[in-house]
Each structure stands twice: as C-alpha cells, then as structure tokens.
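# Working through the structure, step by step
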Amino acid sequence: MLNNISMKLYEAYPICKQSVNIPFEKLFSNLNKDEIIRNKGKAGQLMENLCGLKLSNATRDFEDGELKTSELKESTAITMITSWIDEIIHENPIAFEKSRLLKKIKHIIFMPLEKPSSNPLEWYFKNCTYIPITKGTKLYEQIENDYNNICILSHEQIYKKKISHVPNFKTTSKSFGDGFLHTTSGKFIQIRTKDAGGNKSKPIFSKKLKRNVTKVSRMAFYFLASFKYYVDENFK
C-alpha cells in the first residue's frame, strides 16, 4: 500500500496493463519463490512495487482505489471489520454508501493470477481490468444488497434473535443467534474469520455492548470467487 509515494488509479493502470501475460520470472526482478508461495498477498505487493509504491498500512493501495490480485477460484480479503464492528451489527447499521467497505472497493484494478504450475516463476497475471463499483452499476446494487443482508443477519446473531431466511444467503449460525458473529455469505461478498492464528488471534470487542462479539478471532469482508468470475466474464 502507498506511503511516501502517492499515486492515483489512472496513473497505475497503464503499468498494470503492460504487466499482463508476462511470467513472473521476467516481470519481477526481486522475486523470492518461497515467500510468494507462503504469502498469498505477495503477488499484489510486487505489483504495487512495480508501480512505484512502498508498502504501508494505508487504508487503500492508491489514493482513490485498490489493486486486487489473486486466483479466480479464491476469495479475496477486502477489509477488516474490527475497528468499525459497531457500525454493522446494530439495528440501524451505517448505510452502504457511507460505509468503509464502499470506500475501500469503489474503484478497483483487478488482475487475476494464473498458476500453470507450482513454480512461481511461471505464474502470470491473466488480464487487467478497471472495475467501478459506483451507484447505478449492477455490481453496486448487488454488493449493497449483500451488505445490507449481512448487517441484518449479524444483528440477529449478536442479539440472539431468530435468524432470517434470506434467499441465496448462507450463514453458519443456527436457528437463533448465540451472541457471536459467524461466517455470513451473500452472492459476491461475505464476512468471515481473518486472523494470524494461535496466540496472536484476538476476538472483536464491541464498545457499544462492552463485550466480545466473536469467540476467538477477528473478521473481515471478503470478495467471493463468484465476484471475480463475474468480473472476468463481464469486464473485458
């Protein structure tokens, strides 16, 4: 993610576009095979470096958007919900248009990763697509619907209410909420566990409820593989 060097999406897009269908062995001069196998986000970090960005903990990769690189079949982490859990789980959650989720995904450069073998030197980016998730687009409407239903089901889980049946939605909750947040999936996005594991895992604490709202681990919003397949088929 950017830090000392500031860059907008339109400045990075030509660099990303020129990096398609080039084996990583030729694309990246500083490729560490073991590290890229171990770290799923390493391909994206290398691409950011190629654009001239330095890694940091900034909210977005670019000033006005995100770079997403992963295999089509994989889900992709979007943003942690630890610090804004109280904007999601209560009866009147923050509107999607004002949410941190939308701020994170409103403008995306998507570069699906192809792995023809287990050797990272042969991996490459299949294509490069700019994706606007803005009002009036089908993606905006579907993700807004997913977000709203995730908020409803999260509220029911936390407040031990009867879990609503929402068509095409999945949750690991049973008939009634147990006071804790669980994996909940819509058509294109989901919330689920994202943590370091072991002693580094921490539950999410709600300041409003003054208690933990997950049992063990932190959670995040993810793009499901269905989102990436949809983009791959409809954005050329």
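The paragraphs below set out a description of the structure included in this document. (Residues numbered from 1 in each chain as written. Predicted model: local features only at pLDDT ≥ 70, side-chain atom pairs only at ≥ 80, totals over all residues. Heavy atoms only, no water.)

## Notes on the pattern of salt bridges
Stated precisely, the cut-off is as follows: A carboxyl oxygen of Asp or Glu within 4 Å of a side-chain nitrogen of Lys or Arg is what we treat as a salt bridge. Helix and strand assignments follow DSSP, with helices taken as H or I runs no shorter than four residues and strands as E runs no shorter than two, numbered in order from the N terminus. Exposed residues in this analysis have more than 50% of their type's maximum accessible area, buried residues have under 20%, and partly exposed residues fall in between, with area computed by a 1.4 Å probe over protein chains only.
This structure, assessed with the given rule, holds ten salt bridges. A salt bridge links E63 to K8, with the nearest nitrogen and oxygen atoms 3.2 Å apart. Placement of the pair is E63 in the loop between helix 4 (42-51) and strand 1 (66-70) and K8 in the segment before helix 1 (9-17), with a sequence separation of 55 residues. Its relative accessible area of 33% is what places K8 among the partly exposed residues. A salt bridge links K215 to D178; the shortest N-O distance between them is 3.7 Å. Of this pair, K215 sits in the loop between strand 10 (211-212) and strand 11 (219-223) while D178 sits in the loop between strand 6 (170-171) and strand 7 (184-185); the two residues are 37 residues apart in sequence, bridging distant segments of the chain. Residue classification places K215 among the exposed residues on the basis of a relative accessible area of 54%.

## Digging into helix 7 (residues 225-234)
Under the convention used in this document: Note that the arc is defined by the directions from the helix axis to the C-beta atoms.
Within the span of helix 7, buried status applies to A225, F227, K228, V231 and D232. For helix 7, the angular spread of the buried residues around the axis is 155°, confining them to a single face.

## Digging into the packing of aromatic side chains
To keep it simple, the criterion reads: Put simply, two rings from Phe, Tyr or Trp (the six-membered ring, in Trp's case) pair if the centres are within 6.5 Å, and we call them stacked under 30 degrees between planes, edge-to-face over 60, tilted for the rest.
Per the counting criterion, the structure on display carries ten aromatic pairs. When the centroid spacing of 5.0 Å and the interplanar angle of 65° are considered together, the rings of F24 and F28 count as edge-to-face. An identical accessibility class is assigned to F24 and F28; each is buried. Here the aromatic rings of F188 and Y230 are separated by 5.3 Å at their centres, their planes lie at 50°, and the arrangement is tilted.

## Details of unusual backbone geometry
The backbone of K160 shows a phi angle near 60°, a positive value even though the residue is not glycine. Looking at the element boundaries, K160 is found in the loop between helix 6 (138-158) and strand 6. Here K160 falls in the exposed class, since its relative accessible area comes to 55%. The backbone phi angle of K210 is positive, close to 60°, even though this residue is not glycine. With respect to the secondary-structure elements, K210 resides in the loop between strand 9 (205-206) and strand 10.

## Here we look at helix 1
Keep this limit in mind: Residues count as neighbours in contact if any of their non-hydrogen atoms are within 4.5 Å of one another.
Among the residues of helix 1, L9, A12 and C16 are the ones counted as buried. Buried residues of helix 1, seen end-on, are gathered within an arc of 70° and therefore sit on one face of the element. The elements touched by buried residues of helix 1 are helix 4, strand 1, strand 3 (107-114) and strand 5 (129-132).

## Looking at the sheet that holds strand 2 (residues 76-80)
Let me state the cut-off plainly: Here a strand pair is declared whenever DSSP counts at least two bridges between the two strands.
Reading across the sheet, the five strands line up as 2-11-8-7-6 and stay open at both edges, with antiparallel pairing between neighbours. Edge positions in the sheet fall to strand 2 and strand 6, since each has one partner strand and no second.

## Describing the environment of K8
In the structure, K8 is positioned 65 residues away from K73 in sequence and 28 Å away in space, judged by C-alpha atoms. In this view, K8 contacts F62, E63 and D64; residues no more than four positions away in its chain are not counted.

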